[in-house]
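Tertiary structure, described
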Amino acid sequence: MRGACTVSSRGDVHPPTGPAAVPPALDPLAAVRADGDPRTDVYLTGTVFLDIIFTGLDSAPVRGTESWARGMGSSPGGIANMATALARLGLRTSLAAAFGDDKYGEYCWEALEQGEGIDLSLSRTVPGWHSPVTVSMAYEGERTMVSHGHEAPPPDFVFDGKHAPGCPPPSRACVASLVPGRREGWLGCAAGRGSRLFADVGWDDSGRWDPADLADLEHCEAFLPNAEEAMRYMRTDCPRAAARKLADLVPLAVVTLGSEGAYAVDGRTGETAEVPAIAVQELDPTGAGDVFVAGFVTGTLAGWPLAERLAFAGLSAALSVQEFGGSLSAPGWAEIAAWWQQVRTYEAGAPGALRRQYAFLDEVLPAAYRLAPLARAVPTLGFRRPA
């Protein structure tokens, strides 16, 4: 059973397995937890896609020709990217979403609930609705996506009146993706219950880029757009200037700068921070923005200084682009610990620069922290287990 709906069992669909199926050994919020705290650290709602990712393309596909990709992976996508990234960093994550009543939906549900330990008690399977699908093609450091899906069922059909997304349960934080010009009623309710709200925004297809379309920022603690989005909304050609102007609309403005790193302004204190990007060999950028937000939320809830939150978010995103897929590329503490050990032992380039920037990890990571690798995107769906 999934909520109020019956789901058929298909023996040929199996989620990724591995240590992500058990709670992470490191709790980044252990020092701040207290009796009476909400059971949920972070609540999210949105659309779950099945992502199929092609990498290793030499160039963009050309009309009338066939292109072959050297790599392929499949994983839950959409809002699942953010939920998985948060859960892998040890936050108790709750997701309210509609899942398709098909093989893709079952795979995504099991990968998130059983594979990642995400609470799906507020999610529902919708009979007769098939899962949205996105094909992502990575080449030349960028990606092109093609998506297909039928109109999502209305929330009042999917969710009962006692549950999300009408008003989410108490949680330390909520993460929302703002839609230009559309108000999300649940954000005000969540803020009223004491949740700290973090938001990003999608591309404005209308081309208006009107700051008035971001009215829901009044409920938010932090806003994390990319440089292009920030500059368009703030009518400036400098992302840092855009961040400073955004800090008049929201307490904390964080602008990602792509290969240059990220820049943040705290409008309450006037504090600013900037960190450079970490150079890595990029395989697939899908979901890197979601992983960045997850890292920043983790550091914020743990009470870290602004520069450390920004650095940790950038590190999380950098590690994610070295793997296939949006959700299952997200790093866990084992990957972070392995990277930090490598930096302390073998750092090349500017001696000591990364060691100084990330010295705070010595206090976050237990000595000799080790965990087997996490589940990753699978080449295809439908493999049967060996007899």
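Scroll up a little and you will see the structure.
1. Quick word on the overall build of the protein chain
- Secondary structure assignment for the protein chain yields 11 helices and 14 strands.
- Looking at the protein chain as a whole, 52% of its 387 residues are labelled buried.
- Sequence separation of at least 24 residues holds for 70% of the intrachain contacts in the protein chain that already meet a minimum separation of 6.
- Total accessible area on the protein chain is roughly 17,500 Å²; 52% of this is exposed by carbon and sulfur atoms.

2. Digging into unusual backbone geometry
- Of note in the backbone geometry, Trp209 takes a positive phi value of approximately 50° without being a glycine.
- Positive phi, close to 55°, is recorded for Arg235, a residue that is not glycine.
- Among the secondary structure elements, Arg235 is positioned in the loop between α5 (227–234) and α6 (239–246).

3. A look at the environment of Leu328
- Structurally, Leu328 can be placed in the loop between α8 (306–320) and α9 (333–346).
- For Leu328, a relative accessible area of 1% translates into the label buried.
- Taking the C-alpha atoms as reference, Leu328 lies 8.9 Å from Gly77; in sequence the two are 251 residues apart.

4. Side note on the environment of Leu26
- Along the polypeptide, Leu26 turns up in the segment before β1 (40–45).
- Sequence separation between Leu26 and Leu365 is 339 residues; the distance between their C-alpha atoms is 7.8 Å.

5. Some details on helix α4 (residues 185–192)
- Listing the buried residues of α4 in full gives Trp186, Leu187 and Ala190. The buried residues of α4 occupy an angular sector of 105° when projected down its axis, which confines them to one face. When the buried face of α4 is taken as reference, the exposed residues oriented beyond 90 degrees from it are Gly185 and Gly192.
- Of the surrounding elements, those touching the buried residues of α4 are β1, β9 (171–178) and β10 (196–201).
- One or two positions beyond α4, positive phi appears at Gly194, with a value near 95°.

6. What about helix α7 (residues 288–301)?
- In this model, α7 (14 residues) spans 20 Å end to end at C-alpha, consistent with the 20 Å of a helix rising 1.5 Å per residue.
- Across the 14 residues that make up α7, a large majority, 13, are buried.

Thresholds, definitions, all that
Residues numbered from 1 in each chain as written. Predicted model: local features only at pLDDT ≥ 70, side-chain atom pairs only at ≥ 80, totals over all residues. Heavy atoms only, no water. Helix = DSSP H or I, 4+ residues; strand = E, 2+ residues; numbered from the N terminus. Buried < 20%, exposed > 50% of the residue type's maximum accessible area, 1.4 Å probe, protein only. Contact = heavy atoms within 4.5 Å. Areas by Shrake-Rupley, 256 points an atom, 1.4 Å probe, with all protein chains shown as cover. Arc of directions from axis to C-beta. Expected span 1.5 Å × (residues − 1).

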